[in-house]
Amino acid sequence: MAFYRGMTCENVTLKGDGGTPITAYVAKPEGKGTFPGVVLVHHLPGWSELYIETTRRFAHHGYLAICANLYERAGEGNPDDVAAKVRAEGGIADSQMVGDTAAAVAWMRAQPEHNGKVGIFGSCSGGRHAFIYACQKKDVDACVDLWGGRVVMGQEELNAKTPVAPIDMTKDLSCPLLGLFGNDDRAPSPEQVDQHEAELKKHGKNYEFHRYDGAGHGFFYWHRPLYRPEQAMDGWSKVFAFFGKHLAK
């Protein structure tokens, strides 16, 4: 596997949902390309250092990568503070996320060094959002959901911001799906992952789920006690194998 030691990184402005300008972080590998693209959908802790670093990680592995700030409308400042404000407001609307993410996908597809293939990647709420996007849109070629919670939702959890449970969108999934889950997680619980898998099978979808013993929610997060190095290393190898298979020109 070739690694791209050199890369260029910058912020770009996208025309997000409803025409609102939002900022996105971009990392491009050095060289002529062409390169496959990865759109990262950040998690509930926000447009954080972890996601900025993960954007660069994909560039290091030969992908054009972009991560939009889905919380920009909540104001500037420390990502933890902004995320706390968003959380207190019940999160962002699924429809707004789709609009913002569509802008990131459109940006990717407009790049001259792009190979025409786009993967979407997210963890936690971002995993849930990535799955929703891949069900509602047809402009991504592969989807990676890392322990996305609230894919299975009770009727009492639905509201104006989350009007439809993602599991009920499964029939419309438009691309192959990779799901990574920790068996000690409770959001989603193993039982909820079972439900999601049953729905994918029912609709004949192209998917692969991997479940890890000794790991809970967020086991990729090296900066937290949740981190599980062996499971994370195996998980990353599966992410790159999956994208390598589905995003090659």
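Rules behind the numbers
Residues numbered from 1 in each chain as written. Predicted model: local features only at pLDDT ≥ 70, side-chain atom pairs only at ≥ 80, totals over all residues. Heavy atoms only, no water. Phe/Tyr/Trp six-rings, centres within 6.5 Å; stacked < 30°, edge-to-face > 60°. Buried < 20%, exposed > 50% of the residue type's maximum accessible area, 1.4 Å probe, protein only. Lys NZ or Arg CZ within 6 Å of the ring centre and 35° of its normal. Helix = DSSP H or I, 4+ residues; strand = E, 2+ residues; numbered from the N terminus. Pairing = 2+ DSSP bridges. Disulfide = S-S within 2.5 Å. 1 Å grid on protein atoms, 1.4 Å probe; cavity = no way out; pocket = protein on both sides within 12 Å on 5 of 7 lines; lining within 4 Å. Points joined across faces, edges and corners; volume = space filled by probe spheres on them. Nonpolar A, V, L, I, M, F, W, Y, C, P; charged D, E, K, R; others polar. UniProt positions renumbered as here; feature names shortened; annotations may be inferred. Core = buried A, V, L, I, M, F, W, Y, C linked by side-chain atoms within 4.5 Å. Contact = heavy atoms within 4.5 Å. Expected span 1.5 Å × (residues − 1). Arc of directions from axis to C-beta. Polar contact = N/O pair within 3.5 Å; in protein donor to acceptor, adjacent residues only side chain to side chain.

The protein chain is annotated in an unreviewed UniProt entry as Dienelactone hydrolase family protein from Siccirubricoccus deserti.

Participant: So what's going on with the packing of aromatic side chains? Residues and values would help.
Facilitator: For any pair of aromatic rings, geometry is given as the distance between the ring centres together with the angle between the planes. For the structure on display, the rule yields 18 aromatic pairs. Between the aromatic rings of tyrosine 207 and phenylalanine 209, the centroid separation amounts to 5.2 Å while the plane-to-plane angle is 75°, which identifies the pairing as edge-to-face. Neither residue differs from the other here; tyrosine 207 and phenylalanine 209 are each classed as buried. Taken together, Phe58, Tyr63, Phe121, Trp147, Tyr212, Phe219, Phe220, Tyr221, Trp236, Phe240, Phe242 and Phe243 form an aromatic cluster joined through their ring pairs. In this structure, arginine 57 is placed above the aromatic ring of tryptophan 236, and the distance from its NZ or CZ to the ring centre is 4.2 Å.

Participant: With reference to specific residues and values, describe the pairing of strand E3 (residues 35-41).
Facilitator: With respect to burial, E3 is a largely interior element, seven of its seven residues being buried. The sheet contact formed by E3 and strand E5 (residues 114-123) spans six bridges and is parallel. By the bridge assignment for E5, valine 38 is matched with glycine 119. Inspection of the sheet shows E3 paired to strand E4 (residues 64-68) by four bridges, in the parallel sense. Directly across from glycine 37, in E4, lies its bridge partner leucine 64.

Participant: So what about the state of the cysteines? Which residues, and what values?
Facilitator: Tallied over the entire structure, the rule returns zero disulfides. With no disulfide of its own, cysteine 143 lies 5.4 Å from the sulfur of cysteine 175, the closest cysteine sulfur. Classification of cysteine 143 by relative accessible area gives buried; the value is 0%.

Participant: Please provide a residue-by-residue account of the layout of surface pockets, values included.
Facilitator: Using a probe with the size of a water molecule, rolled over the atoms, empty space left in the structure can be pinpointed. Considering only enclosed or pocket space, the largest pocket measures out at about 380 Å³ in volume. If you trace the largest pocket, you find 24 residues lining it, with Leu44, Cys124, Ser125, Arg128 and Arg150 closest to the centre. Counting residues per element, the lining of the largest pocket draws most heavily on helix H4 (residues 125-136), which supplies three residues. Classifying every residue of the lining of the largest pocket by side-chain character gives nine nonpolar, nine polar and six charged. There is about 200 Å³ of room inside the second largest pocket.

Participant: Kindly report on the UniProt feature "domain: Dienelactone hydrolase" (unreviewed entry) in the protein chain, identifying the contributing residues and their values.
Facilitator: Per the UniProt record, the feature "domain: Dienelactone hydrolase" (unreviewed entry) sits at residues 22-246. Annotated as residues 22-246, this span is 36% helix and 21% strand, and its ends, taken at the C-alpha atoms, are 29 Å apart.

Participant: Lay out the nonpolar core with the relevant residues and their values.
Facilitator: The biggest cluster of nonpolar side chains holds 50 residues, and the ones touching the most others in it are Leu14, Ile66, Val140 and Leu177. For this core, the element with the highest residue contribution is helix H3 (residues 94-109), accounting for eight residues. Other than its neighbours up to four places away in sequence, leucine 177 contacts Phe131, Cys143, Asp145, His196, Leu200, Asn206, Tyr207, Glu208, Phe209 and Phe242.

Participant: Describe helix H6 (residues 229-246), with residues and values.
Facilitator: Over its 18 residues, H6 extends 26 Å from the first C-alpha to the last, a length consistent with the 26 Å expected when each residue adds 1.5 Å. Taken residue by residue, H6 has Gln231, Ala232, Gly235, Trp236, Val239, Phe240, Phe242, Phe243 and His246 as its buried positions. Looking straight down H6, one finds that the buried residues subtend no more than 165° of arc, so they occupy a single side. Looking at H6, the residues exposed on the side facing more than 90 degrees away from the buried face are Glu230, Met233 and Lys245.

Participant: Outline the side chain of threonine 170, listing residues and values.
Facilitator: Inspection of the secondary structure puts threonine 170 in the loop between strand E6 (142-146) and strand E7 (177-182). Reaching out from threonine 170, the side chain makes a polar contact with the backbone oxygen of isoleucine 167 at a distance of 2.6 Å. Setting aside its immediate chain neighbours within four residues, threonine 170 contacts Phe131, Cys135, His196, Glu199, Leu200, His203 and Lys205.

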